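# Observations on the model geometry
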Amino acid sequence: MRLLSALLIGLIFGAGIAVSGMIDPAKVLNFFDIAGTWDPSLAFVMAGALAVAIPGYRLVLAARAPRFAPGFQLPDTKRIDPALIGGSALFGVGWGIAGFCPGAALPALGLGLPDVVLFVAALMAGLLAARGLKRLGPPKPARG
Amino acid sequence: MNPVTEFTPLASIAGGALIGLAAVLLMALHGRILGATGILSGLMRGGDARDWQLRAALVAGMVLAPVAILALTGWSPAITIPVSRPAIVVGGLIVGVGVSYGGGCTSGHGVCGNARFSRRSIVATASFMATAFVTVFVIRHLIGA
């Protein structure tokens, strides 16, 4: 049940990415292209997601514990540090270059396109590179 | 030329609601934030077997989603990748390094973090949205690719 429910959650998430249009890099890049072929759809994706997640989280986090785990695992750090701001800024640059973010690329893998496989391979290489860099020293990593 | 895409407010809200639902279900059942960055990097880390299986099941569901939709409805999302292969590789590397230091991406910070009004996530979201807008402007209108 535990793993089956996770599989189902992954399916729901992936279906959301597909139906919303987030799966299409052309659509994502057009959202960021206000001066050109602007497509505001992605603002509606975020609005739809938050409209469910805000009340949903409020309801769920009021419970004592999740169904299949001893407790809720929420990030405990509250610090706004250079790693958070700089790392996120860097992410935005890469997103603007490639048109994929990690959560859209994983469901897009299911379309079987070589370009998506290439993006996910590069993404994983970037994650590994960052892991190596963090081992060398500061700035201190933020876990997510 | 950059392809024009159709404005799809209803499908986008509906799809967004599914993304939100997945995030709420993962918290309710497993007590976890639904962040693609965290799930993927944990999958690459190994460690605790139960934890790894959970991440693997989530990723398997995500990847299978387009296949399942096609099997159930006969519909498959048509996507266009309007950038070059080198741009995909360079962009992917930068995204990987960025989300690692930033501790999350559009799903973890943008949906889950913002949904619980985390200050870190609000700052992260403002940061990556801002640079994405600037990057696309520079590439499409200043460099004029």
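Residues numbered from 1 in each chain as written. Chains lettered and ligands numbered in written order. Predicted model: local features only at pLDDT ≥ 70, side-chain atom pairs only at ≥ 80, totals over all residues.

With that settled, consider the overall build of chain A. Regarding its fold elements, chain A presents 6 helices and 0 strands. Secondary structure elements of chain A, listed N to C terminal, follow the sequence α-α-α-α-α-α. By its C-alpha atoms, chain A is 50 × 40 × 30 Å across when sized along the principal axes. By the burial criterion, 51% of the 144 residues in chain A qualify as buried. (Helix = DSSP H or I, 4+ residues; strand = E, 2+ residues; numbered from the N terminus. Buried ≥ 20, exposed ≤ 12 C-beta atoms within 10 Å, placed from the backbone.)

Within the secondary structure layout, B:Pro9 lies in helix H1 (residues 9-30). With 14 C-beta atoms packed within 10 Å, B:Pro9 lands in the partly exposed category. When the C-alpha atoms of B:Pro9 and B:Arg32 are compared, they prove to be 29 Å apart, with 23 residues separating the residues in sequence. Not counting residues within four places of it along the chain, the set of residues in contact with B:Pro9 comprises A:Ser41 and A:Phe44. (Contact = placed C-beta atoms within 7 Å.)

What follows is about the interface of chain A and chain B. Each partner contributes to the interface: chain A provides 101 residues, whereas chain B provides 104 residues. Broken down by secondary-structure element, the contributors of at least two residues to the side of chain A that touches chain B are helix H1 (2-20), helix H2 (25-31), helix H3 (41-61), helix H4 (82-98), helix H5 (102-109) and helix H6 (114-136) of chain A. Among the elements that make up the side of chain A that touches chain B, the one with the highest residue count is H1(A) (17 residues).

Once that is clear, we can look at the confidence of the model for chain B. The predicted model of chain B averages 95 in pLDDT, with 99% of residues at 70 or higher. In the model output, the complex is listed with pTM 0.95 alongside ipTM 0.97. (pLDDT = per-residue confidence, 0-100.)

Once that is clear, we can look at unusual backbone geometry. Residues and elements named next belong to chain B. One non-glycine residue, Phe117, lies in positive phi territory at about 55 degrees. One can find Phe117 in the loop between helix H5 (106-115) and helix H6 (119-142). Of the residues examined, Phe117 has 10 C-beta atoms within 10 Å and is grouped as exposed.

What follows covers the packing of H3(A) against H1(B). Running from N to C, H3(A) and H1(B) point in directions that differ by 30 degrees, and their axes come no closer than 6 Å. As judged from the angle between their axes, H3(A) and H1(B) are roughly parallel. Here H3(A) and H1(B) pass one another in a crossing that is right-handed. Considering only residue class, the contact of H3(A) with H1(B) consists of 22 nonpolar, 7 polar and no charged. (Axes fitted to C-alpha atoms, helices over the stretch in contact; angles between N-to-C directions. Parallel < 35°, antiparallel > 145°, perpendicular 65-115°, else oblique. Left-handed = near helix turned anticlockwise from the far one by under 90°. Nonpolar A, V, L, I, M, F, W, Y, C, P; charged D, E, K, R; others polar.)

Residue and element names in this part refer to chain A. Given a rise of 1.5 Å per residue, 17 residues ought to cover 24 Å, and the 24 Å separating the end C-alpha atoms of H4 matches this to within 8%. Burial of H4 is extensive: 13 of the 17 residues sit out of reach of the surface. Just downstream of H4, Gly99 is the residue with a positive phi angle, here 90 degrees. (Expected span 1.5 Å × (residues − 1).)

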